Amino acid sequence: NQYLKTCVQKKKQKKKQEWTENLLSEKVEQMMEWSSRRSVIRMNGDKFRRFVKAPPRNYSVIVMFTALQPQRQCSVCRQANEEYQVLANSWRYSSAFSNKLFFTVVDYDEGADVFQQLNMNSAPTFMHFPAKGKPKRADTFDLQRIGFASEQLAKWIADRTDVQIRVFRPPNYSGTIALALLVSLVGGLLYLRRNNLEFIYNKTGWAMAALCVVFAMTSGQMWNHIRGPPYAHKNPQNGQVSYIHGSSQAQFVAESHIILLLNAAITMGMVLLNEAATSKGDVGKRRSKCFFLSFFLNIVSIRA
């Protein structure tokens, strides 16, 4: 009897193992078929639960939870989706492409139940679902601090999956064309005014140009260029838009623009205050100008 029980148990385990292997093979084959059609696989709630959440699974899945429908008015989602597409295409058309990693997307209007299941109330959000086990805290990409540039996403994926992705961006000649047009314009102006180049020695002009560079750098434009943060954040649940980041370790592009304008206002106020104090005229009017300008500078400084 014990021998028969052991044989029956082994037979059941073998059938279960065969069923698991067949199911896994079907899932991998289906994912590969979808991936051959497009680099990013679109998923609704049923597909997500079957191919991402439910075992068996021997592949990792990167999921972007987003809200791309026009009525959602999520400009950040569109920007993040463009970077995500660049990364997925880089993986899909690389020589190292395999069935170890797949890129998917779940749109709020196609998988609202998935958002509710994961208690997710913001978009875009990137998550990694490992081949074995459940996602951990580090499997959620820190978009607010790092930004959504393809290179940053690729580095995060390499840390989570050991899959190295070299990002290939499509050629963009707009910068080269703009630079060529600018050089041509400046060269043409210099040629037309070749007999009168006193404006090159204009201190005010050079001072304004230097201030523009200073405002751009002190407002965080270089940080934006390196990290690629979103312009602003819109909550897909209530539609509230945030222009100021809640953390001191990150910022939105709109926030840097606000800081730039405040710095420019403070600088202009200082210049006008100096002019009011040193100009000739009625002492009372000069004092009034200085008082109002000082009050304006204090308000702007507090805001900054």
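Computed from a predicted structure; not experimentally measured.

Novice: Help me out: how do you make sense of the overall build of the protein in this one?
Specialist: Helix and strand content of the protein: 11 helices and 6 strands. Looking at the protein as a whole, 35% of its 304 residues qualify as buried. Taking the intrachain contacts of the protein between residues at least 6 apart in sequence as the baseline, contacts between residues at least 24 apart amount to 67%. Looking at the protein as shown, the accessible area adds up to about 19,900 Å², and 57% of this sits on carbon and sulfur atoms.

Novice: Can you walk me through the state of the cysteines in this structure?
Specialist: Disulfide: a covalent bond connecting the sulfur atoms of a pair of cysteines. Applying the stated criterion across every chain yields a total of 1 disulfide. Each sulfur of the disulfide joining Cys74 and Cys77 lies 2.2 Å from the other. Between Cys74 and Cys77, the S-S dihedral sits near 70 degrees, and the bridge is therefore right-handed. Comparing Cys74 with Cys77, the two get one shared label, buried.

Novice: I would appreciate a short explanation of helix H6 (residues 150–161) in the present structure.
Specialist: What sets the pattern is the α-helix's 3.6 residues per turn: residues three or four places apart point alike. Over its 12 residues, H6 runs 16 Å from end to end, which matches the ideal 16 Å to within 8%, given 1.5 Å per residue. For H6, the elements touching its buried residues are strand E2 (60–66), helix H3 (75–92), strand E3 (101–107) and strand E4 (125–129). Positive backbone phi, approximately 65 degrees, marks Asp162, located one or two places after H6.

Novice: Even after reading the chapter, I still don't get the UniProt feature "transmembrane region" (unreviewed entry) in the protein, so can you show me in this structure?
Specialist: Under the feature "transmembrane region" (unreviewed entry), the UniProt entry names residues 173–192, 204–223 and 258–277. In residues 173–192, the share of helix is 95% and the share of strand is 0%. The end C-alpha atoms are 28 Å apart. With 90% helix and 0% strand, residues 204–223 has its two end C-alpha atoms placed 28 Å apart.

Novice: Would you take a moment to explain the side chain of Ser90 for this structure?
Specialist: Here Ser90 shows up in helix H3. Non-local contacts of Ser90, meaning those with residues more than four positions away in its chain, are made with Ile165, Arg166, Val167 and Phe168.

Novice: Could you clarify how one ought to interpret a nonpolar patch on the surface in this entry?
Specialist: Where nonpolar side chains cluster on the molecular surface, the patch consists of Leu179, Leu182, Val183, Val186, Leu190, Leu197, Ile200, Tyr201 and Trp206 and spans about 910 Å² of accessible area. Among the elements that take part in the nonpolar patch, helix H7 (residues 174–192) stands out by supplying 5 residues, more than any other. As for its position among the elements, Leu182 is in helix H7.

Novice: Is there a simple way to explain the pairing of E4 in this structure?
Specialist: One face of the sheet, then the other: side chains in a regular strand alternate in exactly this way. Most of E4 is tucked away: 5 of the 5 residues are buried. Here E4 shows no split at all, with Thr125, Met127 and Phe129 on one side and Phe126 and His128 on the other all buried. Examined bridge by bridge, E2 and E4 share 5 bridges and lie antiparallel to one another. Looking across to E4, one finds that Phe65 is bridged to Thr125.

Novice: For this particular structure, what's the right way to read unusual backbone geometry?
Specialist: Generally, phi is negative for residues other than glycine and the peptide bonds are trans, each holding for most cases. Residue Pro56 follows Pro55 across a cis peptide bond; omega there is 0 degrees. Within the fold, Pro56 resides in the loop between helix H2 (45–53) and E2. For the bond running from Ala123 to Pro124, omega is 0 degrees, close enough to zero to count as cis. Structurally, Pro124 is set in the loop between helix H4 (112–117) and E4.

Novice: Just to check I follow, could you spell out the pattern of salt bridges for this structure?
Specialist: Pairing is possible between side chains of opposite charge, provided their charged atoms come close. Under the defined criterion, the tally for this structure stands at 9 salt bridges. The salt bridge involving Glu33 is made with Arg37; its shortest N-O contact spans 2.7 Å. Taken together, the residues span about one helical turn, with Glu33 and Arg37 both in helix H1 (residues 2–37) at a distance of 4 residues. Exposure remark for Glu33: the relative accessible area of 36% places this residue in the partly exposed category. By relative accessible area, which is 61% here, Arg37 ends up exposed. Arg49 serves as the salt-bridge partner of Asp46, at 3.2 Å between the closest nitrogen and oxygen. Here Asp46 and its partner Arg49 are both found in helix H2, 3 residues apart, which amounts to about one turn of the helix. The network of salt bridges with common partners includes Asp46, Arg49 and Asp113.

Novice: I keep staring at the packing of H3 against H6 and nothing clicks. Help me out?
Specialist: It is the contact of H3 with H6, at a shortest axis distance of 9 Å, that shows an interaxial angle of 55 degrees. Classified by the angle their axes make, H3 and H6 are oblique. As for how H3 packs across H6, the hand of that crossing is right-handed. Of the residues in H6, those in contact with Glu83, Val86 and Leu87 of H3 are Ser150, Leu153, Ala154 and Ile157. Looking at side-chain class alone, the contact of H3 with H6 contains 5 nonpolar, 1 polar and 1 charged residues.

Conventions and cut-offs
- Residues numbered from 1 in each chain as written.
- Predicted model: local features only at pLDDT ≥ 70, side-chain atom pairs only at ≥ 80, totals over all residues.
- Heavy atoms only, no water.
- Helix = DSSP H or I, 4+ residues; strand = E, 2+ residues; numbered from the N terminus.
- Buried < 20%, exposed > 50% of the residue type's maximum accessible area, 1.4 Å probe, protein only.
- Contact = heavy atoms within 4.5 Å.
- Areas by Shrake-Rupley, 256 points an atom, 1.4 Å probe, with all protein chains shown as cover.
- Disulfide = S-S within 2.5 Å.
- Expected span 1.5 Å × (residues − 1).
- UniProt positions renumbered as here; feature names shortened; annotations may be inferred.
- Patch = residues over 30% accessible without salt bridge, like charges linked within 9 Å, V, L, I, M, F, W, Y side chains within 5 Å.
- Salt bridge = Lys/Arg side-chain N within 4 Å of Asp/Glu carboxyl O.
- Pairing = 2+ DSSP bridges.
- Axes fitted to C-alpha atoms, helices over the stretch in contact; angles between N-to-C directions.
- Parallel < 35°, antiparallel > 145°, perpendicular 65-115°, else oblique.
- Left-handed = near helix turned anticlockwise from the far one by under 90°.
- Nonpolar A, V, L, I, M, F, W, Y, C, P; charged D, E, K, R; others polar.

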